[in-house]
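# Observations on the model geometry
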Amino acid sequence: MIIECCNLKKEYTADNTLVTAVDNVSLNVAAGEFLVILGHSGSGKTTLLSLIGGLTKPDSGEVLIDGVENWHQGDDALSDMRNSKIGFIFQFASLIPTLTALENILLPLTFGKTPRGGYQQALDILEMVGLPDKANAFPAQLSGGQQRRIAIARAFINQPDIILADEPTGDLDEETEHDILNIFKEYNRKGTTFVVVTHNIHLARTQLDARILEMRRGVLREKVPVAA
Ligand code: ADP
Ligand code: MG
């Protein structure tokens, strides 16, 4: 298993109210799997992805990536693991406004000890996401959907083994959503493991060959794939 979550729990207190964002979640993801987690807003999807990626420390439970527990290693080892193994696609594009599209895509390479991608690969990915002519554009010169595609391209530059994607097609039209999912599928065929979380039932319906789980109020459970 490339990802093993065991009895994960994460609680938040806001306005004196305790919310169990992730409630005793256990989950195994095999290398090369394409997993979709479907759930309404507030069901705990973003928190779960952040726990899996080692960005948030659980209150209890464990996350093992390739057999190594995220928080049983030092901070340096954890950030090395994140940089070398995981590509994050965040819910909001989070591009650096003072860097061009191409520079934003190349940014993760500056953190990794042994970067696997490079300049030419960034141009290739830019073409894959349909924006070959936007290499030198700044984020403010791009539409929301274009910024999102740059953020998706950035997640692939390090050739990560795992992609964690939070509402990756959130503000994209159906055609672009389709293109992006096809890119995901192409990487998945080459072996990249995907965990995609979304509230978008339409996205889940188009992923009939994916494993689909449902999240409700922090609890994860099996879901029978819905017919298109
Ligand atoms: P989803 O991504 O499915 O919309 P989230 O994981 O963002 O769900 O949130 C799950 C629950 O945890 C929500 O009730 C949310 O308000 C709460 N929550 C998430 N992050 C925080 C935080 N940093 N502080 C307080 N409450 C939070
Ligand atoms: Mg969310």
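These lines cover the structure that appears in this document, whether it is placed above or below.

Let's shift gears to the overall build of the chain. In terms of regular secondary structure, the chain is built from seven helices and ten strands. Relative to the globule expectation of 17 Å for 228 residues, the C-alpha radius of gyration of the chain, 17 Å, shows essentially globular dimensions. Judged by the C-alpha coordinates and their principal axes, the chain covers about 45 × 45 × 40 Å. Within the span of the chain, comprising 228 residues, buried residues form 49% of the whole.

Our focus in this paragraph is the site of ligand 1. In the neighbourhood of ligand 1, the contacting residues comprise Y12, V19, A21, H40, S41, G42, S43, G44, K45, T46 and T47. In isolation ligand 1 has 560 Å² of accessible area, and contact with the protein removes 62% of it. Mapped by element, the contributors of at least two residues to the shell around ligand 1 are β2 (17-29) and α1 (45-52). Tallying contributions element by element places α1 first for the shell around ligand 1, with three residues. Taken together, the residues that form the shell around ligand 1 break down as three nonpolar, seven polar and one charged.

Paired through their backbone hydrogen bonds, the strands of a sheet run either parallel or antiparallel. With respect to topology, six strands assemble into an open sheet ordered β6-β7-β8-β3-β9-β10, the strand pairing being mixed. This sheet does not close on itself; its edge strands, each paired only once, are β6 (86-89) and β10 (219-222). Adjacent strand axes in the sheet meet at a mean angle of 20 degrees when their direction is disregarded. Judged from the four bridges that link them, strand β9 (residues 211-216) and β10 form a sheet pairing that is antiparallel. Looking at the pairing, R216 lines up with V219 of β10. Against the sheet, helix α2 (residues 75-85) engages β6 and β7 (162-166), with an angle of about 75 degrees to β6. Docked against the sheet, helix α5 (residues 144-156) engages β6, β7 and β8 (193-198), running at close to 170 degrees with respect to β6.

The subject of this paragraph is α1. By the criterion of burial, α1 is predominantly enclosed, with seven of the eight residues buried. All buried positions along α1 are accounted for by K45, T47, L48, L49, S50, L51 and I52. At the C-terminal side of α1, G54 shows a positive phi close to 75 degrees.

With respect to the secondary-structure elements, V63 resides in strand β4 (residues 60-65). Each C-alpha atom of the pair V63 and E4 lies 5.6 Å from the other, and the pair is 59 residues apart in sequence. In contact with V63, not counting residues within four places along its chain, are E4, C5, L8, L51, I52, V68, E69 and N70.

Here the focus is the sheet that holds β2. Read across the sheet, four strands follow the order β2-β1-β4-β5 without closing on themselves; strand pairing throughout is antiparallel. Each having just a single partner strand, β2 and β5 (68-69) make up the two edges of the open sheet. Both strand β1 (residues 3-14) and β4 contribute to a ladder of five bridges, which runs antiparallel. Its bridge partner being in β4, K9 is matched across the sheet by S60.

Turning next to the pairing of β2. Examined bridge by bridge, β1 and β2 share ten bridges and lie antiparallel to one another. In the strand pairing of β2, A14 is matched with T17.

Next up on the list: the environment of D23. Assignment of secondary structure puts D23 in strand β2. Distance from D23 to C6, taken between C-alpha atoms, is 11 Å for residues 17 residues apart in sequence. Ignoring any residue separated from it by four or fewer positions in sequence, one finds D23 in contact with L8, K9, R217, G218 and V219.

Rules used throughout
Residues numbered from 1 in each chain as written. Chains lettered and ligands numbered in written order. Predicted model: local features only at pLDDT ≥ 70, side-chain atom pairs only at ≥ 80, totals over all residues. Heavy atoms only, no water. Helix = DSSP H or I, 4+ residues; strand = E, 2+ residues; numbered from the N terminus. Rg over C-alpha atoms; globule rule 2.2 N^0.38 Å. Buried < 20%, exposed > 50% of the residue type's maximum accessible area, 1.4 Å probe, protein only. Near = heavy atom within 4 Å. Areas by Shrake-Rupley, 256 points an atom, 1.4 Å probe, with all protein chains shown as cover. Nonpolar A, V, L, I, M, F, W, Y, C, P; charged D, E, K, R; others polar. Pairing = 2+ DSSP bridges. Axes fitted to C-alpha atoms, helices over the stretch in contact; angles between N-to-C directions. Contact = heavy atoms within 4.5 Å.

As far as function goes, none of this settles anything; it's purely spatial.
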